[in-house]
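# A closer look at the structure
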Amino acid sequence: MRVAVIGAGPAGMTAALQLSRKGVDVDVYEADQGIGGLARSLDLWGQRVDLGPHRFFSSDARVNRLWLDVVGREYAMVNRLTRLYYRGHFFHYPLKPLDALLKMGLPDAALCLASYLKERLHPRCPATEDVSFESWVVHRFGRRLFNVFFKPYSEKLWGIPCGELSGTFAAQRIQKLSLPEAVKSALSPRRRTRHKTLVDRFAYPLGGTGSAYERMADRVRNSGGRIHLRCSVRRVLHDGFAVQGLELERGQVACCDHIVSSMPLTDLVRGLTGVPPQVQAAAAHLQFRNTILVYLHVDSSSLFADQWLYIHAPDLQMGRVTNFRNWVPHLHGEAHTTILAVEHWCNDRDAMWRAADDQLIAQATRELRSTGLLCNEPILSGHVVRVRRCYPVYRRGYREHLKQIADYLRKFPGLTLIGRNGTFKYNNQDHSMLMGMLAAENLLDHGAHDLWTVNSDHETYQEGDLITETGLAGPLAEHAAADAQLAGVGHD
């Protein structure tokens, strides 16, 4: 059997590794120049950086075992330090009650509490399946806290009003967390009582997040598989519902018996022939959000202690800042400088997406200086990376469109969809790795795993093992958490 895997991200590389280990003839097609997809690492100014902050943890023991098998002992446990910037202040994150009280001021804190109590006494969350993100959060945290900590950041990230964003996003990322539980978790001295959305320790490869998938690629090659970089897939070729192969960017045809695809779902549907109009219309309703990363090379080795910060200030266009100096020393080596990644989110037609690199570097520098994060340290250089289709936008009603597409694509027995883009699901690394593992099991053992349900039930898959400095310890599912944060800001 010859299998074509589209995409060399966490999902694609995991599937390719599992298949090649069993002797399957595998070709991986990746449009980018490197391995890792959205979790790719790159070299800049003699240092190693990622495409924004990516941390690994999982509540699924199978995923953890595979990750450790690939990474070996070449990782470190990182104690996370994250803050959020709002109204000229940096708030500890997850929120610490005393810190938040002092920085918000007693009047604002009292108003937030009153708003929460009002919602508890007179709840207004509609009892509908497609509740909005705004209604979901207000119901659990109150209107004022929503306006302060949820609304500005979420609307930067998604580019639509929170009333148009589906509550599914909140259900996946914030889950059962509420204001009382967040306060209880912040005050509790016992780590095991912390809510799983507040995890503050994670495993990180010494060579950057992407090094795990680079190692997978090496193993695929050693097993006889082929990795084709800078090789875009134009469309899937098929006769009726029988898959025949791929048409590549320059018109070449790659024949295969089965396709495992993590290419954007909307592109895949548009490339098929004979798609019913209602399925085409459903795909047209789905939208992805782009990311622009502005890397700044700063002549300082001690700017601030956070691994990353969330920028909630509505007057600033940047949304997140990553300080790669504070992850593991192996990233910066002997360098005495710091690399920061400043993230912005936009759509294809936005002016920012088409802006010149110099303009973006100047804007990121100006905004960072306004927060005090740069002090007066000089910027040595800048570099811009544009990444298309990073985030599937969970606009209200998207699930109906996605179901219509999924029902149609299930008719193709030679096509398996995986990954964040391939299934239009807001996956973390572990979700995508699990999809890749289950896809391989379906092909190798004629399994019946429904990959569309991964990262859909808002709960853990099974009781998992915790990754520690020396390997696995568990079961301890309380600690192995989904990548979620209080205030709905955490994302990977």
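Reference entry: report on the structure contained in this document. Worth saying up front: this structure is predicted, and the values here are computed from it rather than measured.

Right, let's get into helix 2 (residues 61-71). Counting buried residues in helix 2 gives 8 out of 11 residues, a clear majority hidden from the surface. Those residues of helix 2 not exposed but buried are Ala61, Val63, Asn64, Leu66, Trp67, Leu68, Val70 and Val71. Looking one or two places after helix 2, you find Gly72, whose phi comes out positive at around 65 degrees.

Bringing helix 1 (residues 10-21) into the picture now. Its 12 residues place the ends of helix 1 16 Å apart at the C-alpha level, agreeing with the 16 Å of an ideal helix rising 1.5 Å per residue. All of the buried residues along helix 1 are Pro10, Ala11, Gly12, Met13, Thr14, Ala15, Ala16, Leu17, Gln18, Leu19 and Ser20. One or two positions beyond helix 1, positive phi appears at Gly23, with a value near 85 degrees.

To continue, consider the environment of Gly159. Turning to its location among the elements, Gly159 is positioned in the loop between helix 6 (143-158) and helix 7 (167-173). Separated by 130 residues in the primary sequence, Gly159 and Arg289 place their C-alpha atoms 8.0 Å from one another. The residues contacting Gly159, other than those within four sequence positions of it, are Ser154 and Arg289.

On the basis of which strands lie adjacent, the open sheet formed by 7 strands has the order 7-6-15-16-17-14-18 and mixed pairing. Where the open sheet ends on each side, the last strands, each with one partner, are strand 7 (89-93) and strand 18 (379-392). Each neighbouring strand pair of the sheet contributes to a mean axis angle of 20 degrees, computed without reference to strand direction. The pairing of strand 6 (residues 82-86) with strand 15 (residues 308-311) spans 4 bridges and is classified as parallel. Paired with Arg83 across the two strands is Leu309, which belongs to strand 15.

This next bit is on the sheet that holds strand 19 (residues 415-417). Strands belonging to one sheet form pairs held by backbone hydrogen bonds; the direction of such a pair is parallel or antiparallel. With parallel pairing, the 5 strands of this open sheet are ordered in space as 9-2-1-13-19. Of all strands in the sheet, those bounded by a partner on one side alone are strand 9 (226-228) and strand 19. Within this sheet the neighbouring strands show an average axis-to-axis angle of 15 degrees, counted without direction. In this sheet, strand 19 lies alongside strand 13 (residues 258-261) in parallel orientation, the contact comprising 3 bridges. Across the sheet, the residue bridging to Ser261 is Leu417, located in strand 19. Set on the sheet, helix 1 makes contact with strand 1 (2-6), strand 2 (25-29), strand 9 and strand 13; between it and strand 2 the angle comes to about 165 degrees.

Judged by side-chain polarity, Leu98, Leu101, Leu102 and Leu106 come together as a nonpolar surface patch covering roughly 430 Å² of accessible area. Looking at the nonpolar patch element by element, the count peaks at 3 residues for helix 3 (residues 97-104). Its location among the elements puts Leu101 in helix 3. Classification of Leu101 as partly exposed rests on a relative accessible area of 32%.

What follows is about the packing of aromatic side chains. Enumeration over the complete set of coordinates arrives at 25 aromatic pairs. Plain terms: the ring middles of Phe146 and Phe150 are 6.5 Å apart, the flat faces sit at 25 degrees to each other, and that makes the pair stacked. Remark: Phe150 and Phe146 occur in helix 6; sequence separation between them is 4 residues, near one turn of the helix. Like Phe150, Phe146 is buried. Three or more aromatic residues joined by ring pairs make a cluster, and in this case those are Phe202, Tyr204, Tyr295, Trp308, Phe324 and Trp327. Stacked on the ring of Trp136, the Lys or Arg Arg140 has its end atom at 3.7 Å from the ring centre.

Looking at the element boundaries, Asp108 is found in helix 4 (residues 106-121). A distance of 2.8 Å separates polar atoms of two side chains, one belonging to Asp108 and the other to Arg87. Setting aside residues up to four positions removed in sequence, Asp108 forms contacts with Arg87 and Arg144.

Glancing now at the nonpolar core. In this structure, Leu265, Tyr295 and Leu409 are the most contacted members of the largest nonpolar core, which totals 87 residues. Broken down by element, this core gets its largest block of residues, 8 residues, from helix 6. Counting residues in hydrophobic clusters, the runner-up holds 43 residues, among them Ala39, Tyr75, Ile418 and Leu434.

Moving on, we get to the pattern of salt bridges. Enumeration over the complete set of coordinates arrives at 28 salt bridges. A salt bridge links Glu343 to Arg320, with the nearest nitrogen and oxygen atoms 2.7 Å apart. Of the two residues, Glu343 sits in strand 17 (residues 338-346) while Arg320 sits in strand 16 (residues 320-323), which places them 23 residues apart along the sequence. A residue is classified by how much of its surface remains accessible, and Glu343, at 1% relative accessible area, is buried. Given the relative accessible area of 2%, Arg320 is considered buried. Through salt bridges that share partners, Arg2, Asp25, Asp27 and Arg226 make up one connected network.

By the element assignment, Glu247 lies in strand 11 (residues 242-248). Accessibility expressed as a relative area gives 12% for Glu247, which makes it buried. Within the structure, Glu247 has its side chain in polar contact with the side chain of Arg235 (distance 2.6 Å). Ignoring anything within four residues of it in the chain, the contact list for Glu247 reads Val233, Arg234, Arg235, Leu237 and Gln252.

Moving on to the environment of Gln33. Structurally, the position occupied by Gln33 is in the loop between strand 2 and strand 3 (41-44). For Gln33, the contacting residues outside a window of four places in its chain are Arg40, Leu229 and Arg230. A polar side-chain atom of Gln33 sits 2.8 Å from a polar atom in the side chain of Arg230.

Parameters at a glance
- Residues numbered from 1 in each chain as written.
- Predicted model: local features only at pLDDT ≥ 70, side-chain atom pairs only at ≥ 80, totals over all residues.
- Heavy atoms only, no water.
- Buried < 20%, exposed > 50% of the residue type's maximum accessible area, 1.4 Å probe, protein only.
- Helix = DSSP H or I, 4+ residues; strand = E, 2+ residues; numbered from the N terminus.
- Expected span 1.5 Å × (residues − 1).
- Contact = heavy atoms within 4.5 Å.
- Pairing = 2+ DSSP bridges.
- Axes fitted to C-alpha atoms, helices over the stretch in contact; angles between N-to-C directions.
- Patch = residues over 30% accessible without salt bridge, like charges linked within 9 Å, V, L, I, M, F, W, Y side chains within 5 Å.
- Areas by Shrake-Rupley, 256 points an atom, 1.4 Å probe, with all protein chains shown as cover.
- Salt bridge = Lys/Arg side-chain N within 4 Å of Asp/Glu carboxyl O.
- Phe/Tyr/Trp six-rings, centres within 6.5 Å; stacked < 30°, edge-to-face > 60°.
- Lys NZ or Arg CZ within 6 Å of the ring centre and 35° of its normal.
- Polar contact = N/O pair within 3.5 Å; in protein donor to acceptor, adjacent residues only side chain to side chain.
- Core = buried A, V, L, I, M, F, W, Y, C linked by side-chain atoms within 4.5 Å.

No statement about biological role is implied by the geometric values presented.
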